[in-house]
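Structural description and commentary
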Amino acid sequence: MKGRNNELVFYCAPFFVQPNPYEIISINTQKPLTYCRFAVILFPLMRIAREHSPLPGFRLTLGYSVFYLSLIVLIPLGAAFLKTAGMTWGAFVEAVASPRVMASYRLTFGASLIAAVINSVFGLVVAWVLVRYRFPFKRVIDAFVDLPFALPTAVAGIALAAIYSKNGWIGHYLEMVGIKAAFSRLGVVIALTFIGLPFVVRTVQPVLEALEPELEEAAASLGANRWQTFRRVLLPPLYPSLLTGFALAFARALGEYGSVVFISGNMPMRTEITPLLIITKLEQYDYNGATAIAVVMLVFSFALLLGINLLQKWSLKEWSA
Amino acid sequence: MIEAQNITKRFGEFKALNNVSLSVKSGELLALLGPSGSGKTTLLRIIAGLEFPDRGAGRVLFNGEDVTYNPAASRQVGFAFQHYALFRHMTVFENVAFGLRVRPAATRPLETEIRRRVIELLSLVQLDNMDKRFPTQLSGGQRQRVALARALAVQPKVLLLDEPFGALDAKVRKELRRWLRQLHKEIHITSIFVTHDQDEALEVASRVVVMNKGAIEQIGTPEEVYDRPANPFVYNFLGSVNLFHGRVHGGQVHLGNTSLPAPEHPEAQDAPAMIYVRPHEIHVANQSNGQQSLPALIRDVNPAGPLVHIELERLDDGAKFAVELTREQSRNVQLTPGSQVFVELKNLRVFSEDYSI
Amino acid sequence: MAGVITRLNKAKRNTRAAQDPAWVRWSLIGVSLAFLGLFLFVPLAAVFTEGLRRGVRVYLAAFQTPDALAAIRLTLLVAVIAVPLNLVFGLAAAWAIAKFEFPGKSLLTTLIDLPFAVSPVISGLIYVLLFGAHGLIGPWLMEHNIQLIFAVPGIVMATLFVTFPFVARELIPVMQSRGNDEEFAALTLGANGWQTFWRVTLPNVKWGLFYGVILCNARAMGEFGAVSVVSGHIRGQTNTMPLHIEILYNEYNYAAAFAVASLLSLLALVTLALKSLIEAQSAEQTQND
């Protein structure tokens, strides 16, 4: 057991001794010790875990994972927060709460919310139909639900813009009844509905598949009709997954850019979404303004991610109970 | 010779093994028997190198060499897992050949030699011509035999089996038990198997280690642990047993109005005692046999099967107990539910009450 | 991203108590098909018809301009770098998380998901803030004549960020569900760590791995927002296919824009096809176990 402490030093060494890449960070951030502290906390813990398993490679894989995660995700994200830390409070508020920015929040959150609601309703119906009924080309249609995950957003954007513009396949019918779809707020909702479409279907579907038929048989034998059975027996177990799917679709829509910019028209105060505003500020070399808005969005997204995680834990617990 | 010395192992707060020592003789077939949570599987895994004792708390020796912290790969143990852990993406042949193929080039046998050894092993476990199948195409018993062949392929110093028959149905389990005992007779490899099934331990093993709550309660041959259990736990765990409460005084145990010899407690002074008697070691008669007979009432008789199961109730304190008679014995007694009989305890073990289970 | 393992065990439920009346059935199917048609099939069809509107010759010509070829090359290059890097990370993270118990495990799992919660635009922005001219280490990079932003390295980094979780996320649950027994068996048979990983673990998780890789690849080739921020839009140099589409579209060169878009749509269709193939495969595998 003599060698154990040496091993600890060895595995910590990259974090203490080698100059790059952390030195670079430390020069610029004035927080040289953050990552070393992280290492000091983490690596003794890794020794504890090692003794529980005869499988090799724990230190190597965890060390590499944490290193790569820091390099690609944590440090760059940290940079955004650091940048805003350099702003005065007044400048920050000015940047994140000007009328044009507020209008973009209203549009982004509002349209995302509407799109997520549309997807919850229709997503539930689609999941139900895919799990319960048999009809031609069902497998193909099932596979197609994931299209928004696979189709590049720019492609989706120009396609939707083409269809819903006033000469488009659908746009010109809407035009006839006086509805302007492309280059309006409705266009934003359409794009965000497309982008969030798979989430509710894919979270509800497995839960619906796992529901035992005995539940319905029991309900029927107790005298419930189909609607009562659906409302009181089948729907309640779906709530957690429905809510999770809703939150995922909402979160995805908030940050969406590619599919929206082609169809929205990008008019300030009217059809300008927040991600677009960030790019606009960046193009005007207003780095502080762009970063401040980004930080507001990030904080909201992380809160949402945390909420979704808790939601999934809760639904898992509900489910296994 | 495999030794485990003073092994302690904690999982968080839970003490899975508490200062356990065990030595396994070369060539024997040892059973680790105990209820779940007794630490038997943990001990087996520590011997295999799949688990390690707490720091500084115990050693594992293989033929005198300390291997406590050696990785499993270097120990040359054959381990058969409860759920077989066959490699699902490999054929039966490749599963058995795995241990040979992963050897360093210098000690790896030639392909023809590997082939010969695998075919030989498959024949030993009676799975000739199954080599091209995948594990999913085999029955549970066949999978377990593939797992054994795979473990044997590396010519292990010791064969370790974790609940080898646990996942099989009753009939296959019986066949496989007999087969394992036969196999051990043929190849004489030092083997340790874990089981919670006392019948299995008593039938298959040459020596039985009874474990409970992370400690060893008794080690002995199947006859020893069954006929002379060291304590109430072993008595209870090995087969069904009746418990009577009485008093022990100067080498005599008093049970109601009867008194019986208890030579193992000559010094006891009117101490409370627990008397253990196995159901088949109780004699039943219609007439009293004097001092040693206990009057009882027949509550129920079930004559189905090779043994006649009788449920009785003591006349003096109403305590219920069970008796098993062979059909032969039952012919000599009148067994009418509700009628009175006299019982004689043939082979009893007396423990003073302060011994807690 | 429901994962491979969740879509199994399709129970037969044709008992009468679970049967809806025909009119309910067909109206729900109708509503579903109308919704999916409107949002999925019509846009997809539009891409191909718009691309071919001015004839096959124009369609094919769109791929033969130097800018288009450069965009295709760059897109492939980015994917070829980003996918393997995230694959290696995914394997490492899945091994550590699925095979071992350690404090902070759930925190690490959550952090891996982080890029999914970040807007693509912000994913690009953070690299500009770090490496751009006004960024934290931008001046230092400029002194040493290293250009990361508005150049290929920036595009690769932004792509790495947005595709970061895909492989790890698919692998972790698959590896966890298989348990450690087969690895333990390999160890007792004398295999070393690498042999155990290559011969036992990897074949067991190959479908999950493949699944993660194709999703990662689709996103890497199709990413628009993040890449748009860091690319600088230099034609023939820092334009990926999605950015090239944007430029063509903004120049009202619709036929060419949709032609290039149709190529990416084909990629998406191939991805979906492979995805359902893998799901069928892994369902079969699980059924056999």
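Remember, predicted model here, so these are calculated numbers, not experimental data.

Here we come to the overall build of chain C. In terms of helices and strands, chain C carries 14 helices and zero strands. Taken from the N to the C terminus, the helices and strands of chain C come in the order α-α-α-α-α-α-α-α-α-α-α-α-α-α. Its C-alpha atoms give chain C principal-axis dimensions of roughly 60 × 55 × 30 Å. Sorting the 289 residues of chain C into buried and exposed places 58% on the buried side. When contacts within chain C are restricted to residue pairs at least 6 apart in sequence, long-range pairs at least 24 apart make up 74% of them. Of the accessible surface of chain C, which amounts to about 11,400 Å², a share of 64% is contributed by carbon and sulfur atoms. For chain C, the distance from the average site of its 19 positive side-chain charges to the average site of its 16 negative ones is 9 Å.

A few words on the overall build of chain A. Along its length, chain A carries 17 helices and zero strands. Looking at the 321 residues of chain A, the share that counts as buried comes to 55%. Considering only contacts within chain A whose residues lie at least 6 apart along the sequence, 74% involve residues at least 24 apart. Summed over its atoms, the accessible surface of chain A is roughly 14,500 Å², and 67% of this surface lies on carbon and sulfur atoms.

The next thing to look at is the sheet that holds strand E1 (residues 2-11) of chain B. All names here are of chain B. Taken in spatial order, the four strands make up an open sheet running E2-E1-E4-E5, and their pairing is antiparallel. Across the chains shown, the open sheet's two edge strands, defined by having one partner strand only, are strand E2 (14-24) and strand E5 (65-66). Both E1 and strand E4 (residues 59-62) contribute to a ladder of four bridges, which runs antiparallel. Its bridge partner lying in E4, Ile2 is registered against Phe62.

Right, let's get into the pattern of salt bridges. Under the definition given, this model contains 39 salt bridges over all chains. A salt bridge links B:Arg177 to B:Asp197, with the nearest nitrogen and oxygen atoms 3.4 Å apart. Taken together, the positions of B:Arg177 in helix H5 (residues 170-187) and B:Asp197 in the loop between strand E8 (191-195) and helix H6 (198-204) put the pair 20 residues apart, joining distant regions of the chain. Put simply, C:Glu223 and C:Arg219 hold a salt bridge, and the shortest N to O gap is 2.9 Å.

On to the interface of chain A and chain C. Listed per partner, the contact involves 99 residues of chain A and 101 residues of chain C. Summed over both sides, the interface of chain A with chain C buries roughly 9,200 Å², with 78% coming from carbon and sulfur. Between C:Asp20 and A:Arg226 there is a salt bridge whose closest N-O contact spans 2.5 Å. Counting every contact that joins chain A to chain C gives 11 residue pairs in polar contact (both at pLDDT 80 or more). It is helix H4 (residues 58-85) of chain A that provides the largest number of residues to the side of chain A that touches chain C, a total of 18 residues. Of the residues that constitute the side of chain A that touches chain C, the class distribution is 73 nonpolar, 14 polar and 12 charged.

Next up on the list: the confidence of the model for chain A. Residues and elements named next belong to chain A. Mean pLDDT for chain A: 82, with 82% of residues reaching 70 or above. Of all helices and strands in chain A, the one with the weakest mean pLDDT is helix H1 (residues 4-16) (30), whereas helix H6 (residues 99-132) scores best (96). In this model residues 1-50 is a low-confidence stretch, pLDDT under 50, and it forms 50 contacts with partners more than four residues away in sequence or in other chains.

Here we come to the side chain of A:Asp142. All names here are of chain A. Topologically, Asp142 is positioned in helix H7 (residues 138-144). Taking the relative accessible area as the measure of exposure, Asp142 reaches 5% and is therefore buried. Separated by 3.4 Å, the side chains of Asp142 and Gln205 make a polar contact.

Turning our attention to the side chain of B:Gln142. Along the chain, B:Gln142 falls in helix H4 (residues 140-153). Side-chain polar atoms of B:Gln142 contact the backbone nitrogen of B:Ser139, separated by 2.9 Å.

What follows concerns the packing of aromatic side chains. With the rule as written, the count across this model stands at 36 aromatic pairs over all chains. Between the aromatic rings of A:Tyr68 and C:Phe164, the centroid separation amounts to 5.7 Å while the plane-to-plane angle is 15°, which identifies the pairing as stacked. Taken together, the residues A:Tyr68 in helix H4 and C:Phe164 in the loop between helix H7 (152-163) and helix H8 (166-178) connect one chain to another. C:Phe164 shares its class with A:Tyr68; the two are buried. Note on C:Tyr127 and C:Phe161: the rings are 6.2 Å apart at their centroids and 80° apart in plane angle, and the pair reads as edge-to-face. Of the two residues, C:Tyr127 is situated in helix H5 (residues 120-131) and C:Phe161 in helix H7; the sequence distance between them amounts to 34 residues. Given a relative accessible area of 1%, C:Tyr127 falls into the buried group. Through pairs of rings, three or more aromatic residues link up here, namely A:Tyr257, A:Phe262, C:Phe224, C:Tyr249, C:Tyr252 and C:Tyr254.

All right, on to the sheet that holds strand E12 (residues 252-255) of chain B then. Residues and elements named next belong to chain B. Read across the sheet, five strands follow the order E13-E12-E11-E14-E20 without closing on themselves; strand pairing throughout is antiparallel. At either end of the open sheet lies a strand with only one pairing partner, and these are strand E13 (258-261) and strand E20 (348-352). If you compare each strand with its neighbour and ignore which way they point, the axes differ by 40° on average. Pairing of strand E11 (residues 242-249) with strand E14 (residues 271-277) involves seven bridges; the strand directions are antiparallel. By the bridge assignment for E14, Gly246 is matched with Ala273.

Right, let's talk about a nonpolar patch on the surface for a bit. Residue and element names in this part refer to chain A. A cluster of nonpolar side chains, namely Tyr173, Met176, Val177, Ile179 and Leu186, defines an oily patch on the protein surface of about 520 Å² accessible area. Looking at the secondary structure, you find Val177 in the loop between helix H10 (171-176) and helix H11 (185-210). Residue class for Val177 comes out exposed when judged on its relative accessible area of 61%.

A word on the pairing of E2(B). Where E1(B) and E2(B) come together, seven bridges link them in antiparallel fashion. Each bridged residue has a counterpart across the sheet, and for B:Ala4 the counterpart in E2(B) is B:Leu22.

This part covers the confidence of the model for chain C. Residue and element names in this part refer to chain C. Taken residue by residue, chain C gives an average pLDDT of 89. The fraction at 70 or more is 92%. In this model, residues 1-14 is a region of pLDDT below 50 whose contacts with residues beyond four sequence positions or in other chains number 35 contacts. For this predicted complex, the interface score ipTM comes out at 0.89, while the overall pTM is 0.83.

Moving on: the environment of A:Ser65. Here A:Ser65 is to be found in helix H4. Note on A:Ser65: relative accessible area 1%, which makes it buried. Residues A:Ser65 and A:Ala116, 51 residues apart in the sequence, show an inter-C-alpha distance of 34 Å. Apart from the residues lying within four places of it in its own chain, the contact partners of A:Ser65 are C:Phe89, C:Ala92 and C:Ala93. A polar contact of 3.2 Å, which involves the side chain of A:Ser65, links it to the backbone nitrogen of C:Ala93.

Across the contact, 21 residues belong to chain B and 18 residues belong to chain C. Together chain B and chain C conceal approximately 1,900 Å² of surface at their shared face, both sides included; 62% is due to carbon and sulfur atoms. In this assembly, chain B and chain C are joined by one salt bridge. Between B:Arg88 and C:Glu182 there is a salt bridge; the shortest N-O distance is 2.6 Å. Our count for the chain B to chain C interface comes out at four residue pairs in polar contact (both at pLDDT 80 or more).

Moving on to the packing of helix H2 (residues 92-101) of chain B against helix H3 (residues 111-124) of chain B. Residues and elements named next belong to chain B. Remark: H2 packs on H3, axes separated minimally by 10 Å, with the N-to-C direction vectors making an angle of 125°. The angle between the axes of H2 and H3 places the two elements in the oblique class. Where H2 crosses over H3, the handedness of that crossing is right-handed. The residues of H3 that touch H2, namely those facing Val92, Phe93, Val96, Ala97, Leu100 and Arg101, are Glu111, Ile114, Arg115, Arg117, Val118, Ile119, Leu121 and Leu122. Considering only residue class, the contact of H2 with H3 consists of 10 nonpolar, no polar and four charged.

As a further point, take unusual backbone geometry. Trans peptide bonds make up the majority, and among non-glycine residues the majority have a negative phi. Unlike most non-glycine residues, A:Asn266 shows phi in positive territory, near 55°. Within the element layout of this structure, A:Asn266 appears in the loop between helix H15 (258-264) and helix H16 (274-283).

Our next topic: empty space enclosed by the protein. A complete count under the given rule lists six cavities of 30 Å³ or more for this structure. A volume near 50 Å³ is recorded for the largest cavity. As for the largest cavity, its lining consists of B:Arg88, C:Lys99, C:Met175, C:Arg178, C:Gly179, C:Glu182, C:Glu183, C:Thr201, C:Asn204 and C:Val205. Broken down by secondary-structure element, the contributors of at least two residues to the lining of the largest cavity are H8, helix H9 (181-188) and helix H10 (193-204) of chain C. Considered class by class, the residues forming the lining of the largest cavity number two nonpolar, three polar and five charged.

Calculation notes
Residues numbered from 1 in each chain as written. Chains lettered and ligands numbered in written order. Predicted model: local features only at pLDDT ≥ 70, side-chain atom pairs only at ≥ 80, totals over all residues. Heavy atoms only, no water. Helix = DSSP H or I, 4+ residues; strand = E, 2+ residues; numbered from the N terminus. Buried < 20%, exposed > 50% of the residue type's maximum accessible area, 1.4 Å probe, protein only. Contact = heavy atoms within 4.5 Å. Areas by Shrake-Rupley, 256 points an atom, 1.4 Å probe, with all protein chains shown as cover. Lys, Arg positive; Asp, Glu negative; His and termini not counted. Charge placed at Lys NZ, Arg CZ, Asp CG, Glu CD. Pairing = 2+ DSSP bridges. Salt bridge = Lys/Arg side-chain N within 4 Å of Asp/Glu carboxyl O. Buried area = accessible area lost by both parts, 1.4 Å probe. Polar contact = N/O pair within 3.5 Å; in protein donor to acceptor, adjacent residues only side chain to side chain. Nonpolar A, V, L, I, M, F, W, Y, C, P; charged D, E, K, R; others polar. pLDDT = per-residue confidence, 0-100. Phe/Tyr/Trp six-rings, centres within 6.5 Å; stacked < 30°, edge-to-face > 60°. Axes fitted to C-alpha atoms, helices over the stretch in contact; angles between N-to-C directions. Patch = residues over 30% accessible without salt bridge, like charges linked within 9 Å, V, L, I, M, F, W, Y side chains within 5 Å. Parallel < 35°, antiparallel > 145°, perpendicular 65-115°, else oblique. Left-handed = near helix turned anticlockwise from the far one by under 90°. 1 Å grid on protein atoms, 1.4 Å probe; cavity = no way out; pocket = protein on both sides within 12 Å on 5 of 7 lines; lining within 4 Å. Points joined across faces, edges and corners; volume = space filled by probe spheres on them.

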